[in-house]
Amino acid sequence: MAKKQIFKGFIKKVKKMDKQEISKETLQTLYWDKELSLKKIAKEFGMKSPNGIVYHMEKFKIPRRPSDRKDYQKNPFSGNLIEKAYLVGLRAGDINAGKKNNCTVIYATSTKPAQMKMLHKLFGKYAHLNEYDAKGGYTEKSRKLVGYLDNSFDFLVEKPQKIPEWILNDNELFYSFLSGYCDSEASWILTEHKKYGGKWKDRAFSLGTSDKTVLEQINQKLIELGFNSHLYLVEKKGIYGDRKRNLDLYRVMMSSHQEVIKLAQILLPLSKHEDKIKAMSKLIEYEKLNDEKKLVKKQNLGTIPMACVYCKHKKVWNNGFKKYKNKKYRRYKCPSCKKEFQRKLTNINPLQKKTLMVS
Ligand SMILES: [Zn+2]
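Basis of the calculations
- Residues numbered from 1 in each chain as written.
- Predicted model: local features only at pLDDT ≥ 70, side-chain atom pairs only at ≥ 80, totals over all residues.
- Heavy atoms only, no water.
- Helix = DSSP H or I, 4+ residues; strand = E, 2+ residues; numbered from the N terminus.
- Contact = heavy atoms within 4.5 Å.
- Axes fitted to C-alpha atoms, helices over the stretch in contact; angles between N-to-C directions.
- Left-handed = near helix turned anticlockwise from the far one by under 90°.
- Nonpolar A, V, L, I, M, F, W, Y, C, P; charged D, E, K, R; others polar.
- Donors = N, O, S within 2.8 Å, 3.2 Å for Na, K, Ca; no water.
- Buried < 20%, exposed > 50% of the residue type's maximum accessible area, 1.4 Å probe, protein only.
- Pairing = 2+ DSSP bridges.
- Core = buried A, V, L, I, M, F, W, Y, C linked by side-chain atoms within 4.5 Å.
- Domains from an automatic or database assignment.
- Expected span 1.5 Å × (residues − 1).
- Polar contact = N/O pair within 3.5 Å; in protein donor to acceptor, adjacent residues only side chain to side chain.
- Phe/Tyr/Trp six-rings, centres within 6.5 Å; stacked < 30°, edge-to-face > 60°.
- Lys NZ or Arg CZ within 6 Å of the ring centre and 35° of its normal.
- Salt bridge = Lys/Arg side-chain N within 4 Å of Asp/Glu carboxyl O.

1. Focus: the environment of Gly180
Then, number 1: Mapped onto the elements, Gly180 comes out in helix H8 (residues 171-185).
Then, number 2: When the C-alpha positions of Gly180 and His273 are compared, they lie 9.0 Å apart, and in sequence the two are 93 residues distant.
Then, number 3: Setting aside residues up to four positions removed in sequence, Gly180 forms contacts with Tyr86, Gly89 and Leu90.

Dropping the structure here:
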C-alpha cells in the first residue's frame, strides 16, 4: 500500500516536470548509461510519445544508438534520375542534410503542413521519419522532421552551390530540379486588383533566394527554353531598421501571363507540394476561364430575335467570326443549348438585317 502511494507520488512529480528540465546530463545517463529506450525515457518524463525526447536528443546533439534504428526499414535510393534531380533541387532549397551514425540524415523545419506532407511522400518509402514540434524561437508553431536514410542518399549531404551539369544539360532533368527548388522556394501569384472590382488579375512567378549562382543558371536556362525570364537583386545584405539581412536577396521573375501559365503547366505534374500544386492549378484554371470569356466576347456580337434551330430558344447570339463576314452564310450560337448553326443571310427579315448591320 505504502509502496503504491510512493509510486503514485513519483508519477505525479514527473508529470509536473516541465519539459525544459530535461537536461543533457539526465538524458545522456538514461540513454547511454542505463540504456533505456526512447519510449521508456518518454514515459519517465510523463510523455505519451518519444517525439519530445527525440527533440531534446537532437537539441543536445546526443548521438543515437545504432541498435535504436534496427527496426528502421531503410531502403536504398531508387536511382531514378528524374527523382534524383528533384531531390537535388529540394536540397538546393531549404532542406538540410548531413551524415550521422553511418546514415544520410535529412532535416527540415516548417510551419506549413504541406511541406511536411511532401517530405513524407518523398522519403517515407525509404525510411522512418521523425516529425515533432520544434520549440522556441518561432512565433508560428513549427514542426521539425528528421529522417535517417540509406547512404545511397549521400548525394544530398552537400548543399549544391550550383546546378550540376548532368541536370543542366537535360531539359527534362532541369524541369525536375526546378520543380524541387520551386517546391521549397517559389511563389505562384494571382493578384486581384480591387480597383477593377477583382475583374483584372495579375499573374506572376517569383523565385527569390540568396543562391545567386543557382538563380543565374535557372534564369539563363529558362531564357534558352524560350521564357522571358528576368533576374534582379532585390535587396543587398545589411541592416534595415530593426531587420537584418545576412545575404543579398536575388529574384527570378516572370510576369508575362502566358509564360507564367506555360511554366506552371510544365511544373504542375512534377510538383510534390500541395500548396504549390493548388496555386499553380488556380493560375491555370483562371487562365482557362479567361480564355473562354474572351472567346465568347469575340464571338458574341449581340443577340438577335431568331429561333434556335435545335432547341427553339427565342434569341440567339449573332456569332460573328471574322472569317464569316461578307460570306453567303452567317453563324449563330444559341445561349441556351450552346450549339452553333448557320443560315443564309437572305433568309433574315429586314428588321433583323438592320440589327446585324448595327452590330
Ligand atoms: Zn438552342
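2. As for the packing of helix H5 (residues 81-92) against helix H6 (residues 113-123)
Then, number 1: Remark: H5 packs on H6, axes separated minimally by 12 Å, with the N-to-C direction vectors making an angle of 145 degrees. Relative to H6, H5 is oriented so that their crossing is left-handed. Together, Tyr86, Leu87 and Leu90 of H5 and Met118, Leu119, Leu122 and Phe123 of H6 make up the contact between the two elements.
Then, number 2: Its residues placed into classes, the contact of H5 with H6 shows seven nonpolar, no polar and no charged.

3. Here's the deal with the coordination of the zinc ion
Then, number 1: For the zinc ion, every protein donor is listed as Cys308 (SG), Cys311 (SG), Cys334 (SG) and Cys337 (SG), and the spread of their distances is 2.3 to 2.4 Å.
Then, number 2: The sequence motif formed by the donor residues of the zinc ion is C-x2-C-x22-C-x2-C.
Then, number 3: Relative accessible area serves as the criterion here: at 1%, Cys308 is assigned to the buried category.

4. Quick look at the pairing of strand E13 (residues 329-333)
Then, number 1: Extensive coverage of E13 is indicated by the burial of four of its five residues.
Then, number 2: In the sheet, E13 pairs with strand E14 (residues 340-344) via five bridges, with the strands oriented antiparallel. Of the residues in E14, the one forming a bridge with Arg330 is Arg343.
Then, number 3: Taking the residues that link successive antiparallel strands as the turn, the E13-E14 hairpin has six residues, and the phi of Lys338 there is positive, at about 65 degrees.

5. Quick look at the nonpolar core
Then, number 1: Counting residues in hydrophobic clusters, the biggest one holds 33 residues, and the most contacted among them are Phe177, Trp188, Phe205, Leu207, Ile218 and Leu263.
Then, number 2: For this core, the domains that each give at least three residues are domain 2 (81-156) and domain 3 (165-296).
Then, number 3: Sequence-distant contacts of Leu207, defined by excluding residues within four places in its chain, comprise Leu178, Tyr181, Cys182, Glu185, Ala186, Leu215, Ile218, Tyr250, Arg251 and Val252.
Then, number 4: In terms of nonpolar packing, the next biggest core, distinct from the first, is built from 22 residues, Ile22, Leu30, Ile62 and Tyr148 among them.

6. Examining H8
Then, number 1: Between the first and last C-alpha of H8 there are 20 Å, a value that for 15 residues agrees with the 21 Å anticipated at 1.5 Å per step.
Then, number 2: Taking burial as the measure, the 15 residues of H8 include twelve buried ones, the bulk of the element.
Then, number 3: Where H8 is concerned, the buried positions are Leu173, Phe174, Tyr175, Ser176, Phe177, Leu178, Ser179, Gly180, Tyr181, Cys182, Asp183 and Ser184.
Then, number 4: Here H8 starts with a cap whose side-chain oxygen sits 3.0 Å from the backbone nitrogen of Glu172, and that cap is Asp170.

7. Considerations on the packing of aromatic side chains
Then, number 1: Considering all chains together, one arrives at eleven aromatic pairs under this definition.
Then, number 2: Between Tyr126 and Phe153 the ring centres are 4.8 Å apart and the planes differ by 70 degrees, which places this aromatic pair in the edge-to-face class. Residue Tyr126 is located in the loop between H6 and strand E3 (129-134), and its partner Phe153 is located in the loop between strand E4 (142-149) and helix H7 (165-168); the two are separated by 27 residues in the primary sequence.
Then, number 3: Judged by its relative accessible area of 0%, Phe153 falls in the buried class.
Then, number 4: Joined through ring pairs, the aromatic side chains of Phe77, Phe123, Tyr126, Phe153 and Phe155 make up one cluster.
Then, number 5: Stacked on the ring of Phe155, the Lys or Arg Lys84 has its end atom at 4.9 Å from the ring centre.
Then, number 6: Lying across the ring of Phe227, Lys262 places its NZ or CZ 4.4 Å from the centre.

8. Observations concerning the pattern of salt bridges
Then, number 1: Tallied over the entire structure, the rule returns eight salt bridges.
Then, number 2: Here Arg203 and Glu287 are joined by a salt bridge, their closest N and O atoms 2.3 Å apart. Taken as a pair, Arg203 in strand E6 (residues 201-209) and Glu287 in helix H11 (residues 274-299) lie far apart in primary sequence, 84 residues in all.
Then, number 3: For Arg203, a relative accessible area of 2% puts it in the buried group.
Then, number 4: Put simply, Lys288 and Glu285 hold a salt bridge, and the shortest N to O gap is 3.5 Å. Here Glu285 and Lys288 lie together in helix H11, a separation of three residues that amounts to about one turn.
Then, number 5: Taking relative accessible area as the criterion, Lys288 reaches 46% and is therefore assigned partly exposed.
Then, number 6: Each of Glu235, Arg243 and Arg245 takes part in a single network of salt bridges with overlapping partners.

9. Here's the deal with the sheet that holds E6
Then, number 1: Taken together, four strands build an open sheet; the order of strands is E5-E6-E10-E7 and the sheet is antiparallel. Of all the strands in the sheet, the pair left with one neighbour each is strand E5 (186-192) and strand E7 (230-235). Adjacent strand axes in the sheet meet at a mean angle of 30 degrees, parallel and antiparallel pairs treated alike.
Then, number 2: Note: E5 against E6, seven bridges, orientation antiparallel. Within E6, the position partnered with Ala186 by the bridge is Leu207.
Then, number 3: Its contacts with the sheet place H8 against E5 and E6, and it is angled at close to 100 degrees to E6.
Then, number 4: Packing of helix H9 (residues 212-224) onto the sheet brings it into contact with E6, E7 and strand E10 (249-254), and relative to E10 it is tilted by some 15 degrees.

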